[in-house]
Amino acid sequence: MVSSWRVQQVARDVRAGAVIAYPTEAVWGLGCDPWDEEAVYRLLAIKSRPVDKGLILVADNIRQFDFLFQDFPEAWMDRMASTWPGPNTWLVPHQDLLPEWITGKHASVALRVSDHPLVRELCALVGPIVSTSANPTGRPPAMSRLRIEQYFRGQVDVVLNGALGGRKNPSVIRDLVTGEVIRP
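Residues numbered from 1 in each chain as written. Predicted model: local features only at pLDDT ≥ 70, side-chain atom pairs only at ≥ 80, totals over all residues. Heavy atoms only, no water.

Where an unreviewed UniProt entry is consulted, the chain appears under the name Threonylcarbamoyl-AMP synthase, with the organism given as Pseudomonas eucalypticola. Listed under Subcellular location (unreviewed entry) in UniProt, the entry text for the chain is "Cytoplasm". Turning to the chain, the UniProt annotation filed under Catalytic activity (unreviewed entry) states: "L-threonine + hydrogencarbonate + ATP = L-threonylcarbamoyladenylate + diphosphate + H2O". (UniProt positions renumbered as here; feature names shortened; annotations may be inferred.)

Below is the structure:
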């Protein structure tokens, strides 16, 4: 995949600690490098989201999450692989391989492999990133760049312009271990 100059610049910004806004399949998202504690806490503050709720990680492909899948049953791997890329988020046991600022108070972490071209292009360059809806807690998710500006007024470092993916709803969230649908 050949990345555009703009996505390459945003990738550099993410690696340097930026909090970004970007289009996803259904709504605008906020993201940052999940390993950058300062960036994650800044994103949480911008959104007014408590750390104990945890965050979603989004990737370009399932292999970007391989470090989490040690000793996973083949059935679990098949379950995830059959729904990705696409609008499916899986709650996966994190086995204490991720920091608490990502997992919150949970024994699992939310993972998704996007089918949005800009998200995939960005994650191909930087690896998984945080993906949370671009809205202050309790407000509707942003559906436009204008709403990003209205909600966050200069608090977001970079906006990756692009179109939403055309889906009507955010991703379905399922528990990998039980198969239970958490958010339809």
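Asker: I would appreciate a short explanation of the pattern of salt bridges in the present structure.
Answerer: Counted according to the given criterion, the structure contains five salt bridges. In this structure, Arg120 engages Asp60 in a salt bridge whose closest nitrogen and oxygen atoms are separated by 3.2 Å. In this pair, Arg120 sits in helix H5 (residues 117-126) while Asp60 sits in the loop between strand E3 (56-59) and helix H3 (74-81), placing the two residues 60 residues apart along the sequence. For Arg120, a relative accessible area of 23% corresponds to the partly exposed category. A residue is classified by how much of its surface remains accessible, and Asp60, at 10% relative accessible area, is buried. Note that Arg145 is salt-bridged to Glu149, the shortest N-O span being 3.5 Å. Of this pair, Arg145 and Glu149 both sit in helix H6 (residues 145-152), separated by four residues, roughly a single helical turn. Of the residues examined, Arg145 reaches a relative accessible area of 35% and is grouped as partly exposed. (Salt bridge = Lys/Arg side-chain N within 4 Å of Asp/Glu carboxyl O. Helix = DSSP H or I, 4+ residues; strand = E, 2+ residues; numbered from the N terminus. Buried < 20%, exposed > 50% of the residue type's maximum accessible area, 1.4 Å probe, protein only.)

Asker: What is the right way to look at the UniProt feature "domain: YrdC-like" (unreviewed entry) in the chain in this model?
Answerer: UniProt records the feature "domain: YrdC-like" (unreviewed entry) for residues 4-184 in the present numbering. Regarding residues 4-184, the helix share stands at 29% and the strand share at 21%, and the terminal C-alpha atoms are separated by 34 Å.

Asker: Please explain the sheet that holds strand E9 (residues 181-183) as it appears in this structure.
Answerer: The strands that make up a sheet are held in pairs by hydrogen bonds between backbone atoms, and each pair lies either parallel or antiparallel. Across the sheet, which stays open at both edges, the nine strands sit in the order E7-E1-E2-E6-E3-E5-E4-E8-E9 with mixed pairing between neighbours. Two strands in the sheet have a free side with no partner beyond their single neighbour: strand E7 (158-159) and E9. Here four bridges tie E3 to strand E5 (residues 108-113), and the two strands are oriented parallel to one another. Opposite Ile56, over in E5, you have Ala110 as the bridge partner. In the packing of helix H2 (residues 37-47) onto the sheet, contacts are made with strand E2 (28-31) and strand E6 (129-133), and the angle to E6 comes to roughly 5 degrees. (Pairing = 2+ DSSP bridges. Contact = heavy atoms within 4.5 Å. Axes fitted to C-alpha atoms, helices over the stretch in contact; angles between N-to-C directions.)

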